[in-house]
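Listed below are the residues making up each chain.
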Amino acid sequence: MKYIIQHFIRLAFLSTSPQDCPSSSALQKVLISLYLALSILNALAIYGFARGAIHGVLDLIILYIFTRLILRDKKERVNQTFNAFLGVGVAIGLLHTLCSYVFIVDQNTQDISGLGKILFFLIFIWIIIAYGHIVRHAAELNLASGISISLGYTLLNAMILLSISEMLRI
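Residues numbered from 1 in each chain as written. Predicted model: local features only at pLDDT ≥ 70, side-chain atom pairs only at ≥ 80, totals over all residues. Heavy atoms only, no water.

(A) Local environment of helix H6 (residues 143-168). End to end, H6 covers 37 Å across 26 residues, agreeing with the expected 38 Å (1.5 Å per residue, within 8%). In this structure, the buried side of H6 is in contact with helix H3 (49-70) and helix H5 (114-139). Looking at where H6 begins, the residue whose side-chain oxygen comes 3.3 Å from the main-chain nitrogen of Ala-144 is Asn-142. (Helix = DSSP H or I, 4+ residues; strand = E, 2+ residues; numbered from the N terminus. Expected span 1.5 Å × (residues − 1). Contact = heavy atoms within 4.5 Å. Polar contact = N/O pair within 3.5 Å; in protein donor to acceptor, adjacent residues only side chain to side chain.)

Following this line, the structure appears as structure tokens:
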């Protein structure tokens, strides 16, 4: 277990590649549970449980579809790459969750301290670069292309999540 945690932390820092990730379905279930729990915890600070749960489930579905799309010609690597996205999402998500509860000054207005805004921006950039690193290896591209695809995915994901939650009015 220690090796797996260290692997995802190294992957988040771009010092290993997603090809080294286990493709275990048991690990994937654990990572999905952790990813979903962190999504809900992060959304609780802003939206509440119902919207957080919907965001978490939709985010997982969108991430899986994204993984299938970038690996449409390499189906044998889907689970391994999906686990890489999940593991990095959990590793960086833990830091994001901590920042959500430390740097939100007022839960009612969601006011964030100046340092918190800087940290959230750096976390946003970090996840895009880390996901870009995974895309680069999965799709056999250069890092700039991987980061561009990762940025596009992140923006599209955010638009879909906001649109759906607005349609549901939760």
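Here the narrative resumes.
(B) Focus on a nonpolar patch on the surface. A cluster of nonpolar side chains, namely Ile-118, Phe-121, Leu-122, Phe-124, Ile-125, Leu-151 and Leu-155, defines an oily patch on the protein surface of about 620 Å² accessible area. For the nonpolar patch, the secondary structure elements donating two or more residues are H5 and H6. Of the residues forming the nonpolar patch, the biggest block, 5 residues, is contributed by H5. Within the fold, Phe-121 resides in helix H5. (Patch = residues over 30% accessible without salt bridge, like charges linked within 9 Å, V, L, I, M, F, W, Y side chains within 5 Å. Areas by Shrake-Rupley, 256 points an atom, 1.4 Å probe, with all protein chains shown as cover. Salt bridge = Lys/Arg side-chain N within 4 Å of Asp/Glu carboxyl O.)

(C) Local environment of unusual backbone geometry. Despite not being glycine, Leu-14 shows a phi value in the positive range, around 65°. Tracing the chain through its elements places Leu-14 in the loop between helix H1 (2-12) and helix H2 (25-44). Residue Glu-140 is not a glycine yet carries a positive backbone phi of 55°. Here Glu-140 shows up in the loop between H5 and H6. In this structure Glu-140 comes out as exposed when scored by relative accessible area, which is 58%. (Buried < 20%, exposed > 50% of the residue type's maximum accessible area, 1.4 Å probe, protein only.)

(D) Representation of the layout of surface pockets within the structure. Empty space within the largest pocket amounts to approximately 1,100 Å³. If you trace the largest pocket, you find 31 residues lining it, with Asn-42, Asp-59, His-96, Phe-124 and Leu-161 closest to the centre. Looking at the lining of the largest pocket, the elements with two or more residues in it are H2, H3, helix H4 (78-103), H5 and H6. If you tally residues by element for the lining of the largest pocket, the top one is H6, at 7 residues. The residue inventory of the lining of the largest pocket, partitioned by class, reads 19 nonpolar, 11 polar and 1 charged. A class-by-class count of the residues in the lining of the second largest pocket yields 17 nonpolar, 1 polar and no charged. (1 Å grid on protein atoms, 1.4 Å probe; cavity = no way out; pocket = protein on both sides within 12 Å on 5 of 7 lines; lining within 4 Å. Points joined across faces, edges and corners; volume = space filled by probe spheres on them. Nonpolar A, V, L, I, M, F, W, Y, C, P; charged D, E, K, R; others polar.)

(E) Quick peek at the environment of Ala-12. Secondary-structure assignment places Ala-12 in helix H1. A sequence separation of 139 residues divides Ala-12 from Leu-151, and the C-alpha atoms of the two residues are 16 Å apart. Not counting chain neighbours up to four residues away, the residues in contact with Ala-12 comprise Val-88, Ile-92, Trp-126 and Ala-130.

(F) Spatial organisation of the nonpolar core. Leu-63, Phe-85, Val-88 and Tyr-131 are the most contacted members of the largest nonpolar core, which totals 36 residues. Every element with two or more residues in this core is listed here: H1, H2, H3, H4, H5 and H6. The greatest single-element share of this core, amounting to 10 residues, is contributed by H4. Excluding residues within four positions of it along the chain, Tyr-131 makes contact with Tyr-35, Leu-63, Phe-85, Val-88, Gly-89, Ser-150 and Tyr-153. (Core = buried A, V, L, I, M, F, W, Y, C linked by side-chain atoms within 4.5 Å.)

(G) Focus on the packing of aromatic side chains. Using the criterion set out here, one finds 6 aromatic pairs in the structure. Relative to Phe-82, the ring of Tyr-64 lies with its centre 5.1 Å away and its plane at 80°, an arrangement referred to as edge-to-face. With Tyr-64 in helix H3 and Phe-82 in helix H4, this pair connects stretches of sequence that are 18 residues apart. Overall, the relative accessible area of 31% leaves Tyr-64 in the partly exposed class. Judged by its relative accessible area of 3%, Phe-82 falls in the buried class. Ring plane angle 45° and centroid distance 6.4 Å describe the contact between Tyr-131 and Tyr-153, whose orientation is recorded as tilted. (Phe/Tyr/Trp six-rings, centres within 6.5 Å; stacked < 30°, edge-to-face > 60°.)

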